[in-house]
Amino acid sequence: EAGVAQSPRYKIIEKRQSVAFWCNPISGHATLYWYQQILGQGPKLLIQFQNNGVVDDSQLPKDRFSAERLKGVDSTLKIQPAKLEDSAVYLCASSLVEDRASDTQYFGPGTRLTVL
Amino acid sequence: GQSLEQPSEVTAVEGAIVQINCTYQTSGFYGLSWYQQHDGGAPTFLSYNALDGLEETGRFSSFLSRSDSYGYLLLQELQMKDSASYFCAVIGDLSGNTPLVFGKGTRLSVIA
């Protein structure tokens, strides 16, 4: 079974530039998550999709971050404009069902973003 | 709000047993999960506890005490490949109003 795919793996941009990340979840997984992981910290949930609808985006900085999951499969996360503090690894995860209590999340390899 | 506390670093000898503790403060609580993350890698799921007691999966076990807002991950027969960061994560509720919250992680170093 193929895992969660993410691209690019690495990205370096100047502050105030825009950047986009792509995620393709495990086939058949209805729920998709985007996390931000700053060095030395745990992942922080940015947004959760159930199929193509948003379930939770309470921690997404909506003035600069946006995400979409058209057709309920792959997803893109965009930052516009980027700030220095956005330097982090952006992780995508998927799970089979919405029940977060018992459902395992499968993580992709992440995109390491460096903002200069 | 929700917060989790776990030690930042732990060092243990190969073949030994190590326990990584996690205490939490949450407005709601449904379950506690543990994830492992090697340097440069993605987090991988280890275990989940919703009820008090011990869950065992091979060399790894996880314990939960809901009354004490406390859990731990127990790693037995440590191997060098167990050197990684370990995160506890709390699920506050099932409504979608409370996101899954991760602790800051415990970096485990296994030495010979």
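All values reported here derive from a predicted model rather than from experimental measurement.

A.B. asks: So what exactly am I meant to see when it comes to the packing of aromatic side chains here?
C.D. replies: Each aromatic ring pair is characterised by the separation of its centres together with the angle its planes make. Summed over the entire model, instances satisfying the criterion amount to 14 aromatic pairs over all chains. On the numbers, 4.5 Å between centres and 10° between planes, the contact of Tyr24 of chain B with Phe29 of chain B is stacked. No difference in accessibility class separates Tyr24 of chain B from Phe29 of chain B, as the two residues are buried. Through successive ring pairs, a cluster of aromatic residues spans Tyr33, Tyr35 and Phe107 of chain A together with Tyr35, Phe45, Phe87 and Phe102 of chain B.

A.B. asks: Could you clarify how one ought to interpret the confidence of the model for chain A in this entry?
C.D. replies: The predicted coordinates of low-pLDDT regions are not to be read in fine detail. Across chain A, the average pLDDT comes to 91, with 94% of residues at 70 or higher. When mean pLDDT is taken per element in chain A, strand β8 (residues 75–79) of chain A scores highest with 98 and strand β6 (residues 53–56) of chain A scores lowest with 88.

A.B. asks: Explain the sheet that holds strand β1 (residues 5–7) of chain A here, please?
C.D. replies: Adjacent strands of a sheet pair through backbone hydrogen bonds, lying either parallel or antiparallel. All names here are of chain A. Pairing is antiparallel across the open sheet formed by four strands, whose spatial order is β1-β3-β8-β7. In this open sheet, the two strands that pair with only one neighbour each are β1 and β7 (65–68). Direction aside, neighbouring strands of the sheet carry axes that sit 15° apart on average. Sheet analysis places β1 next to strand β3 (residues 19–24), joined by three bridges and oriented antiparallel. Counterpart to Gln6 in the pairing with β3 is Cys23.

A.B. asks: I tried to follow the pattern of salt bridges on my own but got confused; where do I start?
C.D. replies: When the charged atoms of two side chains with opposite charge come close together, those side chains can pair. Residue and element names in this part refer to chain B. Within the structure shown, the criterion is met by four salt bridges over all chains. A salt bridge links Arg107 to Asp39, with the nearest nitrogen and oxygen atoms 2.6 Å apart. Separated by 68 residues along the polypeptide, Arg107 in strand β11 (residues 106–111) and Asp39 in the loop between β4 (31–37) and β5 (44–49) bring together distant segments of the chain. Among the residues examined, Arg107 registers a relative accessible area of 37% and is labelled partly exposed. Notably, a salt bridge pairs Arg59 with Asp82, separated by 2.8 Å at the nearest N-O pair. A residue pair is termed long-range when its members are at least 10 positions apart, and Arg59 in the loop between β6 (53–57) and β7 (60–65) and Asp82 in the loop between β8 (70–75) and β9 (84–91) qualify at 23 residues.

A.B. asks: Please clarify how the side chain of Arg59 of chain B should be interpreted in this entry.
C.D. replies: Only 3.2 Å separates the side chain of Arg59 of chain B from the backbone oxygen of Glu77 of chain B, close enough to count as a polar contact. When near neighbours in sequence (up to four residues on either side) are disregarded, Arg59 of chain B contacts Leu74, Leu75, Gln76, Glu77, Leu78, Gln79, Lys81 and Asp82 of chain B.

A.B. asks: For this particular structure, what's the right way to read the state of the cysteines?
C.D. replies: Covalent bonding between the sulfur atoms of two cysteines defines a disulfide. All names here are of chain B. Overall, the coordinates contain two disulfides over all chains when judged by the stated rule. With its sulfur 2.2 Å from that of its partner, Cys22 forms a disulfide with Cys88. Judged by the sign of its S-S torsion, about 75°, the bond between Cys22 and Cys88 is right-handed. Taken as a pair, Cys22 in strand β3 (residues 18–25) and Cys88 in strand β9 lie far apart in primary sequence, 66 residues in all.

A.B. asks: Whenever I open this one, the environment of Val97 of chain A confuses me. Can you help?
C.D. replies: Assignment of secondary structure puts Val97 of chain A in the loop between β9 (88–95) and β10 (106–107). Considering only alpha carbons, one finds Val97 of chain A and Tyr10 of chain A, 87 residues apart in sequence, at a separation of 29 Å.

A.B. asks: Is there a simple way to explain unusual backbone geometry in this structure?
C.D. replies: Among all residues save glycine, negative phi is the norm, and among peptide bonds the norm is trans. Note that the residue after Ser7 of chain A, namely Pro8 of chain A, is joined by a cis bond; omega there is -10°. By the element assignment, Pro8 of chain A lies in the loop between β1 and β2 (10–13). Cis geometry is found at the peptide bond from Gln80 of chain A to Pro81 of chain A, where omega equals -5°. Inspection of the secondary structure assignment puts Pro81 of chain A in the loop between β8 and β9. Phi is positive for Ser69 of chain B, close to 50°, though the residue is something other than glycine. Here Ser69 of chain B falls in the partly exposed class, since its relative accessible area comes to 25%. We note that Glu77 of chain B has phi near 45°; this positive angle belongs to a residue other than glycine. On the secondary structure map, Glu77 of chain B appears in the loop between β8 and β9. The exposed category is assigned to Glu77 of chain B, whose relative accessible area is 52%.

Calculation notes
- Within any chain, residue numbers begin from 1 and follow the written order of that chain's sequence.
- Whichever chain is written first is A, and whichever ligand is written first is 1; the rest continue in order.
- With pLDDT at 70 or above as the cut-off, local features in this predicted model cover only qualifying residues; side-chain atom pairs require 80 or more to be listed or tallied, and sums for whole chains, interfaces and linings still use all residues.
- As a rule here, side-chain values cover all heavy atoms of the structure and leave hydrogens and water aside.
- Side-chain rings of Phe, Tyr and Trp (the six-membered ring for Trp) are treated as a pair once their centres are within 6.5 Å; stacked means planes under 30 degrees apart, edge-to-face means over 60, and tilted covers the remaining angles.
- Only protein chains enter the accessibility calculation, which uses a 1.4 Å probe. A residue is then buried if its area is under 20% of the maximum for its type, exposed if over 50%, and partly exposed in between.
- The predictor attaches a confidence to each residue, called pLDDT, with possible values from 0 through 100.
- A run of DSSP states H or I qualifies as a helix once it reaches four residues; a run of E qualifies as a strand once it reaches two. Both are numbered from the N-terminal end.
- The pairing criterion for strands is at least two bridges between them, as found by DSSP.
- Lines fitted to C-alpha atoms define the axes here, with helix axes fitted over just the stretch in contact, and angles between the N-to-C directions of these axes take values from 0 to 180 degrees.
- By convention in these notes, a salt bridge is any Lys or Arg side-chain nitrogen within 4 Å of a carboxyl oxygen on Asp or Glu.
- Polar contact is the term for a pair of N or O atoms within 3.5 Å; when the atoms are in protein, one must be able to donate a hydrogen and the other to accept it, and sequence-neighboring residues count only if both atoms are side-chain atoms.
- Contacts are assigned to residue pairs with any non-hydrogen atoms lying within 4.5 Å of each other.
- Note on terminology: disulfide denotes any pair of cysteine sulfur atoms within 2.5 Å.

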